[in-house]
Amino acid sequence: PEVVLVSPLRRTLMTATELFGGKNANNEEGSQCRFTAIEMLREKRTGLSCDERSDLETIRAEFPHVDLSGLDGTDIPPIGEDNIAVRARTAKFLDEKLPHIEGNYLAIVSHKGWLREFRKTLKSRVDEGRIRVDFDLDKWDTTLYDNAEVRVVAMRWQDGELTSVVSRSVTNALSMVDDGFQYSLGPPSSGFSMFLAHRTTKVHFIVHAEGHHNVAARNSGCNGCLLRGNAPAIDHPLYDASLTSTGVKQAEILRNVLATRPSGSRSFTAFDLVVVSPLTRALETAQLIFGRDPGLAPIGSPERAAGLPIRAPQLLVREECRERYGHFVCNGRQPVSQLEENFPAFDFSEVLDENDVLHGDEIESASHCRDRAARFLEWLSCRPEGCVAVVTHGSFLRHLFGQFGDELQEEDRESLHREAHNCELRSVVICSHKKEQTKQRMMRHRSTLRVPSTNR
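Keep in mind that what you see is a predicted model, and the values were worked out from it rather than measured. Within each chain, residue numbers correspond to sequence positions counted from 1 in written order. In view of the model being predicted, local features appear only for residues whose pLDDT reaches at least 70, and side-chain atom pairs are presented and counted only at 80 or more, with totals across whole chains, interfaces and linings using the full set of residues. Side-chain figures throughout are based on the complete set of non-hydrogen atoms in the structure, without hydrogens or water.

## Here's the deal with the overall build of the protein
The numbering of helices and of strands both runs from the N terminus, where a helix is a DSSP run of H or I of at least 4 residues and a strand a run of E of at least 2. Across its full length, the protein carries 14 helices and 14 strands. To sort residues, take the accessible area from a 1.4 Å probe on protein chains only and compare it with the maximum for the residue type: under 20% means buried, over 50% means exposed, and anything in between is partly exposed. By the burial criterion, 44% of the 456 residues in the protein qualify as buried. Throughout, a contact is declared for two residues whenever any of their heavy atoms are within 4.5 Å. Here the analysis covers contacts within the protein between residues at least 6 apart in sequence; of these, 75% occur between residues at least 24 apart. Using the Shrake-Rupley algorithm and a 1.4 Å probe, accessible areas are obtained, with residue cover drawn only from the displayed protein chains. Just so you have it, the protein exposes about 23,400 Å², and 51% of that area is on carbon and sulfur atoms.

As structure tokens, then:
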């Protein structure tokens, strides 16, 4: 690790030094990683002598390689604290300390009791829908660590919030490249990964074309024009905003690009499925791009000239890929019956509620939007189609793409994470490493959308 964060108790300081090196009492050189003692990592202060730390001078003499500057007396736990107090300490460490540690590879050396309460903190946030976790343990939130047990954990933050935690034993972490769905080609520096084809889906994400709300916000210099004020949101002129004339032209340009871009054995890009947000601007964009005569190839294509039959893609509407809802009137939707009348070529059968039960004055939390985006990918990966287009929204894609890309080179990561513009096409290949398990779970539900009770 680049940094070792360690409880200031002697047994953890000794463990960290044995594992990761450092300078011993004879000033002999060891590892070059930075050691930092943190009071918040201490075991519960039971009042027993084993849970009390030595004075700073004694620690400094025995462990001169450890930075003790953080032991300034401000975070010393009280004697007799209970498990709930330890859990609060772990939450404070997670929120206030850990995100600000410099370095990508850290080691945390603590205690069984502290790690148990740390997992309970994670579990509470999973239950609240704030984070997603993946442990290789059945009862990960209650299983205790063994002495000197090492687990490898990958944590991901987005917009300052912890969004996901993946935890593996050392053995499983080392063997993940050979788990049956990913294969390393040559040395790690080769830059290649190989995935089994049946686990992958090619997805073309398309942001809706320019809407009237985009113009209004740009002209006013802020989003205040998108608030409902004292009137009902549905009465606002920008409620479920439609496309501008510029937006229509943007969609027609993208349609022409796809009509002349070769894909597979065809002279144009053909889609098996088009998934669309239920907001009007997304539906209009999809209709302009994909709404051609059923069974006919694009005008001017060799397939059209030869009269070859071409199956038009299904236009399926799903709530999961709608914009981050709430607060701004443009992100509310019309009743399904009205949308069906306006867009008869679209399949609304998987939109469960006639009226918009999601939109309200409170904006959807970032963590809920990320979870919704991840569940949408799970659903998408279980579809049988191999080439899919998704017509969606910029903020939704930011919350989706921001959960991926840590392993990419900087240029590719920036390309994935950058802001998506109106009518932009961004193509990716998704691979579901647990496709069969996900498919079985998805078969039990018509929708993966979770409705927060605060917005009902």
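## Digging into unusual backbone geometry
Phi is positive for A148, which is not a glycine, with a value near 60°. If you trace the backbone, A148 turns up in the loop between β5 (132-135) and β6 (151-158). Owing to a relative accessible area of 68%, A148 belongs among the exposed residues under this scheme.

## Some thoughts on the environment of R333
Along the polypeptide, R333 turns up in the loop between β12 (314-317) and α10 (336-342). Separated by 53 residues in sequence, R333 and T280 place their C-alpha atoms 7.2 Å apart. Residues adjacent in sequence count toward polar contacts only when both atoms are side-chain atoms; beyond that, a polar contact is any pair of N or O atoms within 3.5 Å, and within protein one must be able to donate a hydrogen and the other to accept it. Engagement of the side chain of R333 in a polar contact is seen with the backbone oxygen of N355, the distance being 3.1 Å.

## Details of the sheet that holds β5
Strands were regarded as paired on the criterion that DSSP finds at least two bridges between them. Pairing in this open sheet of three strands is mixed, and the strands run β5-β7-β6 from one edge to the other. Two strands lie at the open edges of the sheet, namely β5 and β6, each paired on one side alone. Pairwise comparison of adjacent strand axes, ignoring direction, gives a mean angle of 10° for this sheet. Axis geometry follows a simple rule: fit a line to the C-alpha atoms, using only the stretch in contact for helices, then measure angles between N-to-C directions, giving values from 0 to 180 degrees. Here helix α4 (residues 112-127) sits on the sheet in contact with β5, β6 and β7 (161-169), set at roughly 130° to β5.

## Some points on the pairing of strand β13 (residues 387-392)
Within β13, six of the six residues are buried, leaving the element largely enclosed by the surrounding structure. Side chains C387, A389 and V391 project from β13 onto one buried face, and the interleaved V388, V390 and T392 project onto a second face that is buried too. In the sheet, strand β11 (residues 273-276) pairs with β13 via four bridges, with the strands oriented parallel. Residue pairing across strands places V274 opposite A389, the latter belonging to β13.

## Remarks on the sheet that holds strand β4 (residues 106-109)
If you walk across this open sheet you meet the four strands as β3-β2-β1-β4, and the pairing is parallel. Edge strands, defined here as strands with exactly one partner in the open sheet, are β3 (66-67) and β4. Where strand β2 (residues 34-37) meets β3, two bridges bridge the pair, whose relative direction is parallel. Note on β3: the bridge partner recorded for F35 is V66.

## Observations regarding the pattern of salt bridges
Salt bridges, as used here, are contacts in which a Lys or Arg side-chain nitrogen is within 4 Å of a carboxyl oxygen on Asp or Glu. Taken as a whole and assessed by the stated rule, the structure comprises 31 salt bridges. Of the charged contacts in the structure, one is a salt bridge between E378 and R132, with a shortest N-O distance of 2.9 Å. Placement of the pair is E378 in helix α11 (residues 366-381) and R132 in strand β5, with a sequence separation of 246 residues. R132 gets classed as partly exposed once you look at its relative accessible area, which sits at 25%. In the salt-bridge network here, residues are joined through shared partners; they are R87, R116, E117 and K120.

## Structural notes on the nonpolar core
To define a nonpolar core, start from buried Ala, Val, Leu, Ile, Met, Phe, Trp, Tyr and Cys residues and group those joined through side-chain atoms within 4.5 Å. Of all hydrophobic cores here, the largest spans 26 residues; its most connected members are F290, F346 and F348. Breaking this core down by element, the ones donating at least two residues are α7 (245-260), β11, α8 (280-290), β12, α10 and β13. A per-element tally of this core places α8 first, with five residues. If near-sequence neighbours (up to four positions away) are discounted, F290 is found in contact with I206, L258, F271, V274, L315, A389 and V391. Listed in part, the 23 residues of the second largest apolar core include V275, L377, V390 and A420.

## Points about the packing of α7 against α8
Two packed helices can be described by the angle between their axes and the distance between those axes. Their axes nearest at 8 Å, the elements α7 and α8 cross at an angle of 40°. Taken together, α7 and α8 sit at an angle that is classed as oblique. Helix-helix and strand crossings are classified by hand; for α7 and α8 the assignment is right-handed. Across the interface between the two elements, V248, A251, L254, R255 and L258 of α7 pack against T285, L288, I289 and F290 of α8. Every angle not falling under 35 degrees, over 145, or within 65 to 115 is termed oblique; those three ranges are roughly parallel, roughly antiparallel and roughly perpendicular. Note on convention: the crossing is left-handed when the near helix lies turned anticlockwise from the far helix by less than a right angle, right-handed when the turn is clockwise.

## Considering helix α12 (residues 394-401)
Regarding α12, the residues found buried are F396, L397, H399, L400 and F401. Lining the buried residues of α12 we find β6, β10 (200-207), α11, β13, α13 (410-417) and β14 (425-431).

## Regarding the side chain of D51
Looking at the element boundaries, D51 is found in the loop between β2 and α2 (56-62). Judged by its relative accessible area of 5%, D51 is buried. For D51, the side chain forms a polar contact with the side chain of T46, separated by 2.7 Å. The contacts of D51, once residues within four sequence positions are left out, are L9, R11, R42, E43, K44, R45 and T46.

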